[in-house]
Amino acid sequence: MDVRTIEEAVLAFYRSGNRQQEDTHQWLQQIQESPQAWSFCWELMQLNKPSEVQFFGAITLHSKLTKQWAEVPKEAHNEFKQKLLESIVLFGNGPKIVLCRLCISMSVFIVHMLEHPTVIEEVTGMFLNEQLGNLSKNTQLEILMSVLEGIPDEAESVHTRIPRSMVREELNKKAEFATGTVINYLSEKLNSGRIDESETNGLINATKSLATWLKYGNIRLDGCETMVQVLLKLVHYCYWKEPKDDGCLSQEDSDLAETAVKALVKIMSSQHSNGYKYSSTVIRYMHLFLDVLSPILDVEYKENNENENLAFVIYTLFLSTLECYSTVIFAGILSDDEELVKVYGRTVDLLVKCTDKPGTYPVDESCSTLAMEFWYLLQDEVLSMPSDEKKVKRWEAIKPVYVHIVKVLIKKSQLPNEKALHKWNSDDLETFRCYRQDIGDTLLSCHDVLNDLMLDVLSEALDESIAYLNFDPQNTDNWPLLEATIHAYCSIAQKIEYAEYPQIVKLLKVLNEIPYEKYSEKLLGMALETAGAYSDWISDNPKYLPAAIELLVRGLSSSQASQATLGLKDLTSECQKEMAPFALPLLDACRAALQGNHLKNSEMIRLMYTVGNIMSVISYENILHYLDLMVSPCFEELQMNVQNQNTSDAAKGRVILRLEMIAKLFSSLNTKKPAGQEEDIPIARAQPPPQTQSPAVQPILLILEKTMVLLKTLCTMWLHDESVIETLCKALQQALTNLMEDIKPLLNDMCCLILLIFANKCAPSAVEMAGNFILIFYNDPESKGSMKQLFTAIMEYNFGQMQQYDEQQKLSDVADLIETFFLFNTRITKKMSKCYGETQADCTRLIEYAMKSMMLPETGPIKKSVGFLSIFIKESRNCPLMMSAVVAQGENLLSNTFLCLGGYTPRAHVDVFADIFLALNYKYPSDFPRWIKVLEKPNFPTLFVSQYDKELFIKKVLKEKVNRRLVQEHVRKFAAVCRNAVEWEIDFRTS
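Cut-off values and rules
- Residues numbered from 1 in each chain as written.
- Predicted model: local features only at pLDDT ≥ 70, side-chain atom pairs only at ≥ 80, totals over all residues.
- Heavy atoms only, no water.
- Helix = DSSP H or I, 4+ residues; strand = E, 2+ residues; numbered from the N terminus.
- Buried < 20%, exposed > 50% of the residue type's maximum accessible area, 1.4 Å probe, protein only.
- Contact = heavy atoms within 4.5 Å.
- Core = buried A, V, L, I, M, F, W, Y, C linked by side-chain atoms within 4.5 Å.
- Phe/Tyr/Trp six-rings, centres within 6.5 Å; stacked < 30°, edge-to-face > 60°.

Let us now look at the environment of Pro117. Within the element layout of this structure, Pro117 appears in the loop between helix 6 (96-112) and helix 7 (119-128). Here Pro117 falls in the exposed class, since its relative accessible area comes to 51%. Sequence spacing of Pro117 and Glu170 is 53 residues, and the spatial spacing of their C-alpha atoms is 7.7 Å. Setting aside anything within four residues of it in sequence, one finds Pro117 in contact with Glu170 and Lys174.

Okay, here's the thing in structure tokens:
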């Protein structure tokens, strides 16, 4: 292969456009995998070549070493090692990207040579004894550290002839030598008193190496003390070695200190499952961390500090240690061990400061978010203790800390005002939104500790924020503290029980008195969200309902209408029966908002849900009146669209909006109440006396009776537009869900509408709706004929569609249809399996298409078709027609299942096929052993699976009839063997 051609291709790849890059990339990948790559990679790595060419040579060598080492004969191994060392010497002084790749290649080579017991010691000795040409000692040591770092990582991905178990065993043996070499190197440098900048990379590689080797050697936590002390000494040296005018560490020192702290994190997490064994060690290490690292955090306790990343990783170390050994450290809440009490107290103080880091997250600081998890851990540790005197004392001991943290969280959750907003970009705002959500979750943990005391703390904070707002009435930018306090109330709303807490009463009063027009719209938005959040509490304290309604109605005409509609939806759902006295004015307010042309589409749709909730508790006459006022405009606009035959995009948007609004109304408007509930509903004096019985016709049914002709015409007009038809079906489905059997007068019309949709396009919502009709009305003697006709139409349409696409070998093009169809059949099979026999459905054809569907690459058809087949098999014993189809197709079904395990189905989804084996084994115990012998065919389902593997799998599956988890495990492992996945093959054959 011409090296010059390869060079040109490499340069073209790095210096050309996207399209040419794609073609060149494919060609370069092909030549990388060729046997000739072993020779040309060395030619590319010459000092006179461009750096891009040198790098390609290095990554080609690494790729070959990782994947195709078997191509190198044993007798050439020493020669290969020599050439690799020569290349490392050649590039010892750069370029760095080439040298780095060569070091990793040496790591891979060592993994391949692990069967030689002294290979790591030999290579290490070469570097330590400076046997590599003219490279400086520092350079040779830096390279050694990089090589040692790479060995554990490369061992996990390399394709080697050495068994994995032997690789792990050898690395376990060498871990002590490797870590000892690194620690000696670090200690030597630190003891020298001065570290040159040129040595920093070597030290970084060394600390990374320590972290990577911790996974081997079974190193005990109490055996890491020297390692911990060296790493802490390294951090201390980097930070304090010289005064900093601007307070900022150099990039090299910062990287080294951060890497050392990350290595400490790895050490502390390496034995987290055995924390109880190392209690004294953990406390000793925590004491060291606090002594060495806390002074650094004290210096960095400021806004916009230049060493924020270092502070971040230090806090991460403390939190990681607490997460791994929480029981050990939290024992210091109350303990006779003075040292333990000090460690606990200092740790809590440190994390309070972390939570209260100066500045605003994330623009001024990045650490405070880390501590949120700690406050959950602490409360969980205490509250999960057995109830006894010890728990009570610990609980009381932590309460003052949580009182302080609530105040800190309120301060930290303040939104930026208009003056500060210029520093924020969209990513910052999104990050802060998530941060506020975390604060809300943490406040819930605080409530679990403080209970009713939490409301006292928030009430005090509310007084302070109101006082701050009133201190300078002309200042319109001082609202964030009040908004943050209201946010805190909102966050704990789900925890507040039904009692009439004066703090909540005061909150609702304050929310209605704030002059929102003076301040940012965000303040009103949070107030509206909070009013909605307390809907459940208001339902238990209905005398405060008027205040909530007043605030939310006020919000309907504001820029925060979205929060207002959400709040009204919650309020009218939770307080529906208490809403009657206020229903008519509230409906008028909703009507005014809908006519105001300022609501977004989503807000109008949501508001219709509220309208339905309110209408459900007023008199029948008033329902008809407000339907005419508020719902008729929707149908009038649809009628206008039909008359004008307007199919433009703008018209389509309006049609979908109106149908969505109707669907929301249908989902909430229901005048049928459970027995006895009607008397409990208070009726406003202005309304006529309550009727003694429900009206004969449900309002939704009345609407449908009047508009069915319009809906059919609309359906015909938009028949080929999937989004409109889906939305129409959604509205009708909501009507059916609400009315259930009451929809019977319109049953024939609804069936005609569904069949009209089927005749042109099978919308998933139409199939779901048809399934509901069949399940509700199939056993009704008057409706049975229509339901049989509907079921048959669905089956014939879907069979026709699948046949058409199957003949073109394009079944994947109708994956959505297939998914919907088999979900429909699963529901019918579970709840109305007699439908198949009474309609003489073609069950054999149904199973055939299910088998074809489960062999598609798409996840939806696989899962839905396999789910259907397993249910169908289980129910088939109740229907002779279904049973004969299963018996006729049993062997074919298993044959196709094995093909799926062999490679047709993505490996991540093979678990689902366990259900087929279980169903057949359970329901057809005499036939299943005969059918499963289809697996015994030679080279089936793949060449990789042996006869022994097949017999073993059959034996295991026949044994299990109910243990789904175990059969799934057998299926996963057998599929891996079929696909030549070696790691699973070993497990399967030995399990």
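Here we come to the environment of Gln560. Counting through the fold element by element, Gln560 comes out in the loop between helix 25 (545-556) and helix 26 (561-574). The exposure class assigned to Gln560 is buried, which follows from its relative accessible area of 15%. Each C-alpha atom, one on Gln560 and one on Ala527, is 10 Å from the other, the two residues being 33 residues apart in sequence. Apart from the residues lying within four places of it in its own chain, the contact partners of Gln560 are Glu521, Leu524, Gly525, Leu528 and Gly555.

Attention now goes to the environment of Asp23. Mapped onto the fold, Asp23 is located in helix 2 (residues 18-32). For Asp23, a relative accessible area of 40% puts it in the partly exposed group. C-alpha of Asp23 to C-alpha of Ser668: the two residues are 645 residues apart in sequence and 57 Å apart in space.

Right, let's get into the nonpolar core. Of all hydrophobic cores here, the largest spans 338 residues; its most connected members are Phe289, Trp375, Phe773 and Phe898. By size, the runner-up hydrophobic cluster in this structure holds 12 residues, among which are Ala9, Val10, Leu28 and Val53.

Here we come to the packing of aromatic side chains. The full count for this structure, using the stated rule, is 35 aromatic pairs. Here Trp375 and Tyr402 contribute two aromatic rings whose centre-to-centre distance is 5.7 Å and whose plane-to-plane angle is 80 degrees, an arrangement assigned as edge-to-face. Of this pair, Trp375 sits in helix 17 (residues 372-383) while Tyr402 sits in helix 18 (residues 389-412), and the two are 27 residues apart along the sequence. For the residue pair Trp375 and Tyr402, the accessibility class agrees, reading buried in each case. Centre to centre, the rings of Phe898 and Phe974 are 6.2 Å apart; their planes meet at 70 degrees, and the pair counts as edge-to-face. Remark: Phe974 occurs in helix 45 (residues 964-978) and Phe898 occurs in helix 41 (residues 880-904); sequence separation between them is 76 residues. Take Phe898 and Phe974: they sit in the same class, and that class is buried. Through a chain of ring-to-ring contacts, the aromatic side chains of Phe791, Phe799, Phe821, Phe822, Phe824, Tyr836, Tyr849, Phe868 and Phe872 assemble into a single cluster.

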